[in-house]
Structure formats: C-alpha cells, structure tokens
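# Architecture and fold: a report
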Amino acid sequence: MTDFLTNRWTTLMEELPPSVRLLAVSKGHSASTIRSVASFGQQAFGESRLQEALEKQKLLSDLNLQWHFIGHLQKNKVRAVVKTFSVIHSVDSLSLAQRVSRIAVEEGCCPNVLLQIKLRVDPSKGGMERGDLISIWPELQTLPALRITGLMTMAPFGLRVDERQSLFTECRTLADKLKLPECSMGMSGDWHEAVAAGSTLLRLGSAIFGPRLMSRT
Ligand SMILES: *Cc1c(COP(=O)(O)O)cnc(C)c1O
C-alpha cells in the first residue's frame, strides 16, 4: 500500500511543474493514508464531506495540516467549515458568501475563499455563471472577513482535451480580469490542460491516492 503511494508520489513529483501548488484530495481515504502522504511533505489536503473530514482532522491533529473544503457547502454546515478549514473552494452564490462572511466575523476567523464558477452547462456540478459573478462582484468585495483569493472550476465529463483547455483558459482570463491570483483547476484526469492554462492549484485525488474506497463524488 505504502509502496504504491510512494511510487505514485515520486512519479507525480517528477511531472508537476514547480509553478503550481498541489492540493491532495483525500476524500474517501483514511487518516492513516493521509498521514503517509503528509510524511512526503504534503501539507494541504482537500475534503468534500464535513463529517468525514472532522473525524480525520481529529485523528491528525498532531500534524500541522492545512484543510481545504472542496465540496458543495450547505448553509447549515458553514459554521463548522469556517471553524475547521482554512480555505473554502466552493462558494457559489452571493447569499453563501454573505453567510460565510457573517459567520467568519462571529468566529473571529478569516477564511480564504475561492469562488466556484461554472463555464459550461453541467447539471451535475455547482458554481455560478460568469455573468452572475460579474454582476455580484462589487458586492462580494465589500464583505468583511472574506479573503477572496481566486476562482475554482471543474470541467464537465466528456470534453475533448482542447475543449477542456479552452474552458480552463476562460477561467484564468476571468480571474485575471478580477485581479484574482488563484485558479483552483485541474483534477487527476485533466491537470495537464489546467497547468497549461495557468492553474495555480491542482486538486488531485486518485493521481495521489489511487482509486477511492468510499467513493461518492
Ligand atoms: C474529488 C474531487 C477532486 C479530485 O478528483 P480526482 O479525479 O480523484 O483527482 C477534485 N476536485 C473536487 C471538487 C472533487 O470533488
């Protein structure tokens, strides 16, 4: 098990350009597997389900890990997420941003936030459309306690390589227009195109951990 992890990690490190940071998406994997990957020097881990994440955070509290929330964020989970995650990748509406901001003020913390956008029709994924983001942008910037550092996006299944590449380029262009440094884009199946388009943060799960055991998303 650990040999597989080590081999995959070594291969990946040889491939990844130094310009891009890596978020290890550990949903569906155990705390002890996360511990192994942390021993390679990886600090940032992404989780998409709160309950599962809280259990692992408790087991790994002796390590200095940085937790990123990447799943759909339900209103009633905002407080718990704000308290236990330092980056939220999935803020996809003005009302959710307002709630995160209000709760962050109450909790005295200031999460880094990425706005999730959806650049193609895709009923299976969250995210706001480009036009909606542009129209709420002035209001988003006034929210206290929100450090909006970038955009996050996902490519729909079934796109060709060149179609994915242009989708990621659109995300980068929009982030640049809003003067946002960060683009969280690229998963195990499409990270090469995301890097070519200017991703700053890759969210890789199976490329690091192998197939998920408790897979749901
Ligand atoms: C699961 C997940 C990933 C990682 O997916 P892989 O294909 O295993 O790399 C990245 N981003 C989000 C939002 C996810 O839910």
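It should be noted that the structure appears before, not after, this text.
Source: prediction; values computed, not measured. (Residues numbered from 1 in each chain as written. Predicted model: local features only at pLDDT ≥ 70, side-chain atom pairs only at ≥ 80, totals over all residues. Heavy atoms only, no water.)

What follows deals with the pairing of strand β1 (residues 21–25). One face of the sheet, then the other: side chains in a regular strand alternate in exactly this way. Among the 5 residues of β1, 4 are classified as buried, and the element is accordingly described as predominantly covered. Both β1 and strand β8 (residues 201–204) contribute to a ladder of 4 bridges, which runs parallel. Bridge pairing in β8 links Arg21 to Leu201. At this point the chain moves from β1, through helix α2 (residues 31–39), to the parallel strand β2 (residues 44–47), and the crossover so formed is right-handed. (Buried < 20%, exposed > 50% of the residue type's maximum accessible area, 1.4 Å probe, protein only. Helix = DSSP H or I, 4+ residues; strand = E, 2+ residues; numbered from the N terminus. Pairing = 2+ DSSP bridges. Right-handed = clockwise from strand over helix to strand, strands pointing away.)

For the rest of this paragraph, the subject is the site of the ligand. As a structural note, the neighbourhood of the ligand is formed by Val25, Lys27, Ile70, Met152, Met154, Met187, Ser188, Arg203, Leu204, Gly205, Ser206 and Arg212. Lys27 has a polar side-chain atom sitting 2.7 Å from an oxygen atom of the ligand. (Near = heavy atom within 4 Å. Polar contact = N/O pair within 3.5 Å; in protein donor to acceptor, adjacent residues only side chain to side chain.)

Looking now at the nonpolar core. Membership of the largest hydrophobic core comes to 63 residues, with the highest contact counts inside it found for Phe45, Val100, Leu115, Leu133, Leu140, Leu151 and Ile208. Top contributing element to this core by residue count: helix α5 (residues 94–107), with 6 residues. Residues contacting Leu133, with those up to four places away along its chain left out, are Leu115, Ile117, Met128, Leu140, Leu151, Leu174 and Leu178. Formed by 5 residues, the second largest nonpolar core is a distinct cluster that contains Leu23, Val25, Ala44 and Ile70. (Core = buried A, V, L, I, M, F, W, Y, C linked by side-chain atoms within 4.5 Å. Contact = heavy atoms within 4.5 Å.)

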